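Next come the chains, spelled out residue by residue.
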Amino acid sequence: MAPVLPRTVRAVDTAQLLDLAQEAAMHGFSQRLPVDWLQEHLAAEATHYLFPTLVQRLTHRPEAPLQWRCQQLLTVSTGEQIWGLLDVLPDTFDKIPETLDTASKKDIVSRIEQAVTVRAWVERMAADAGS
């Protein structure tokens, strides 16, 4: 039976997001940001959001566990929200408490769709620092 991708959004704080990124790194998942980058750039007291969009199987690495590829809405130290991807184990995702109402989830998905990507934000920050 194929796994059913949850159609929900989960909120996590910065410490939880760092733990998720560490778990993704430990498993060698391809969609993740380095933990040290996240520590440097995330707003420490922010809430971040995960929205599963794809069941990810690494057929070239059969030992790798199944993952949910999540779009993530990250709040960085500048106060902006940026868009990235994070692969998360289904059991780990399921342990994140469901805390958002339907209207909030719809709003977050809309913000994800309009957010600048991590790459574009990094490039803009580098250009601003150089001027």
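Located above this text is the structure these notes cover.
Residues numbered from 1 in each chain as written. Predicted model: local features only at pLDDT ≥ 70, side-chain atom pairs only at ≥ 80, totals over all residues. Heavy atoms only, no water.

Caption draft 1: Geometry of the overall build of the protein. Scanning the protein for helices and strands turns up 5 helices and 5 strands. Ordering the α and β elements of the protein from the N terminus gives β-α-α-β-β-β-α-α-β-α. Taken against the 2.2 N^0.38 rule, which gives 14 Å for 131 residues, the C-alpha radius of gyration of the protein at 15 Å falls within 12% of a compact globule. Counting only C-alpha atoms, the protein reaches 55 × 35 × 25 Å along its principal axes. Burial statistics for the protein: of 131 residues in total, 44% are counted as buried. Relative to all contacts within the protein whose residues are 6 or more apart in sequence, the contacts with residues 24 or more apart total 68%. For the protein, the accessible surface area stands at approximately 7,300 Å², while carbon and sulfur atoms represent 52% of it. Here the protein carries 12 positive and 17 negative side-chain charges, and the mean point of each set is 7 Å from the other. (Helix = DSSP H or I, 4+ residues; strand = E, 2+ residues; numbered from the N terminus. Rg over C-alpha atoms; globule rule 2.2 N^0.38 Å. Buried < 20%, exposed > 50% of the residue type's maximum accessible area, 1.4 Å probe, protein only. Contact = heavy atoms within 4.5 Å. Areas by Shrake-Rupley, 256 points an atom, 1.4 Å probe, with all protein chains shown as cover. Lys, Arg positive; Asp, Glu negative; His and termini not counted. Charge placed at Lys NZ, Arg CZ, Asp CG, Glu CD.)

Caption draft 2: Here's a closer look at the packing of aromatic side chains. Counted by the stated rule, this structure contains 1 aromatic pair. For the pair Trp37 and Trp121, a centre-to-centre distance of 6.1 Å together with 85 degrees between the ring planes defines the contact as edge-to-face. Residue Trp37 is located in helix 2 (residues 35-41), and its partner Trp121 is located in helix 5 (residues 118-130); the two are separated by 84 residues in the primary sequence. (Phe/Tyr/Trp six-rings, centres within 6.5 Å; stacked < 30°, edge-to-face > 60°.)

Caption draft 3: Structural detail: the pattern of salt bridges. All told, the structure shown has 5 salt bridges when counted by the stated rule. A salt bridge links Glu98 to Arg10; the shortest N-O distance between them is 3.2 Å. Here Glu98 is found in the loop between helix 3 (90-95) and helix 4 (102-114), whereas its partner Arg10 is found in strand 1 (residues 10-13), with 88 residues between them in sequence. Accessibility expressed as a relative area gives 41% for Glu98, which makes it partly exposed. A relative accessible area of 9% places Arg10 in the buried class. (Salt bridge = Lys/Arg side-chain N within 4 Å of Asp/Glu carboxyl O.)

Caption draft 4: Structural view of helix 1 (residues 14-27). Taking 1.5 Å per residue as the helical rise, helix 1 with its 14 residues ought to reach 20 Å, and the 20 Å between its terminal C-alpha atoms agrees with that figure. For helix 1, every residue scored as buried is listed here: Thr14, Leu17, Leu18, Leu20, Ala21 and Ala24. For helix 1, the angular spread of the buried residues around the axis is 160 degrees, confining them to a single face. Away from its buried face by more than 90 degrees, helix 1 exposes Asp19 and Met26. (Expected span 1.5 Å × (residues − 1). Arc of directions from axis to C-beta.)

Caption draft 5: View of the side chain of Gln67. Here Gln67 is to be found in strand 3 (residues 67-75). For Gln67, a relative accessible area of 0% gives the class buried. At 3.0 Å, the side chain of Gln67 and the backbone oxygen of Pro65 are in polar contact. (Polar contact = N/O pair within 3.5 Å; in protein donor to acceptor, adjacent residues only side chain to side chain.)

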